[in-house]
Amino acid sequence: MAGRFPDALDAIEHILAGLVATVRWMPAQLDVLPVAHIRRRSGQSPTVTWQRTVRVQVDVYGQDRDATELVAEQVRDRLENHGGPHITPAGVIDRITVDLEPADTPFIADDLSLITLTVSAVCRATH
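Residues numbered from 1 in each chain as written. Predicted model: local features only at pLDDT ≥ 70, side-chain atom pairs only at ≥ 80, totals over all residues. Heavy atoms only, no water.

Is there a simple way to explain the overall build of the protein chain in this structure?
Secondary structure summary: the protein chain contains two helices and six strands in total. Element order for the protein chain, N to C, with α for helix and β for strand: α-β-β-β-α-β-β-β. Relative to its 127 residues, the protein chain shows a buried fraction of 41%. Contacts spanning at least 24 positions in sequence make up 61% of the contacts within the protein chain whose residues lie at least 6 apart. Surface summary for the protein chain: the accessible area is close to 7,100 Å², and the carbon and sulfur share equals 51%. (Helix = DSSP H or I, 4+ residues; strand = E, 2+ residues; numbered from the N terminus. Buried < 20%, exposed > 50% of the residue type's maximum accessible area, 1.4 Å probe, protein only. Contact = heavy atoms within 4.5 Å. Areas by Shrake-Rupley, 256 points an atom, 1.4 Å probe, with all protein chains shown as cover.)

Written out as structure tokens, the structure reads:
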């Protein structure tokens, strides 16, 4: 029987700590920029195994497109290239791969820039 799987969003928040502020729910007013909104794009598989893959979308918001793109690239590099496994207080992520590279995303506000990327995190169960 598999153990408890880590919360992939908690783990990613720990990995990104010190690089960019992170939120799980977008506030009506963005007081801190840049900010990375992280959210799960797929649920965890109900299959009982020792590992699961969770897809996570990271939306980076900022005031200037070039600066926002730079932060999104740094997020990408930290997640994918930081090395593995990622040992965090939330649990172990064996590896993170980039599914969709950082890309400029249309946004409704003229004074904000949005760059989005999607990653897959392979999580290991703990006992």
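It is not clear to me how helix α2 (residues 65-81) should be interpreted in this structure. Could you clarify?
Helical periodicity: at 3.6 residues per turn, an α-helix aligns residues three or four positions apart in one direction. Here α2 is 17 residues long and its end C-alpha atoms lie 23 Å apart, about the 24 Å a rise of 1.5 Å per residue gives. Those residues of α2 not exposed but buried are Thr 68, Val 71, Ala 72, Val 75, Arg 76 and Leu 79. Seen along its axis, α2 keeps its buried residues to an arc of 145°; they face one direction. For α2, the exposed residues lying more than 90 degrees away from the buried face are Asp 66, Leu 70 and Asn 81. (Expected span 1.5 Å × (residues − 1). Arc of directions from axis to C-beta.)

Please clarify how the confidence of the model for the protein chain should be interpreted in this entry.
One rule of thumb: low pLDDT means the predicted coordinates there are not for detailed reading. Averaged over all residues, the pLDDT of the protein chain is 87; the fraction at 70 or higher stands at 89%. The lowest-confidence element of the protein chain is strand β4 (residues 86-88), averaging 87 in pLDDT; the highest-confidence one is α2, averaging 94. (pLDDT = per-residue confidence, 0-100.)

What exactly am I supposed to notice about the nonpolar core here?
Soluble globular proteins tend to bury their nonpolar side chains together. In terms of nonpolar packing, the biggest core is built from 28 residues, with Ile 12, Val 58, Val 75, Leu 79, Ile 96 and Val 119 touching the most fellow members. No other element matches the six residues that helix α1 (residues 8-16) contributes to this core. Apart from the residues lying within four places of it in its own chain, the contact partners of Ile 96 are Ile 12, Ile 15, Leu 79, Glu 80, His 86, Val 119, Ser 120 and Ala 121. Counting five residues, the second largest nonpolar core, distinct from the first, contains Val 35, Tyr 61, Leu 112 and Leu 114. (Core = buried A, V, L, I, M, F, W, Y, C linked by side-chain atoms within 4.5 Å.)

When you look at the sheet that holds strand β3 (residues 51-62) in this model, what are you seeing that I'm missing?
Across a sheet, paired strands are connected by hydrogen bonds in the backbone, their directions being either parallel or antiparallel. Spatial strand order, β1-β2-β3-β6-β5-β4: six strands in an open sheet with mixed pairing. Edge positions in the sheet fall to β1 (21-23) and β4, since each of these pairs with one other strand and no more. Here the average twist between neighbouring strands, direction ignored, is 35°. In this structure, β3 lies alongside strand β6 (residues 113-124), joined through 12 bridges in antiparallel fashion. Opposite Arg 55, over in β6, you have Ser 120 as the bridge partner. Packed on one face of the sheet, α1 meets β1, β2 (35-40), β3, β4, β5 (91-104) and β6 and runs near 155° to β2. (Pairing = 2+ DSSP bridges. Axes fitted to C-alpha atoms, helices over the stretch in contact; angles between N-to-C directions.)

I tried to follow the packing of aromatic side chains on my own but got confused; where do I start?
Given two aromatic rings, one states the distance between the centres and the angle between the planes to describe the pair. Under the defined criterion, the tally for this structure stands at one aromatic pair. For the pair Tyr 61 and Phe 107, a centre-to-centre distance of 5.3 Å together with 70° between the ring planes defines the contact as edge-to-face. With Tyr 61 in strand β3 and Phe 107 in the loop between β5 and β6, this pair connects stretches of sequence that are 46 residues apart. (Phe/Tyr/Trp six-rings, centres within 6.5 Å; stacked < 30°, edge-to-face > 60°.)

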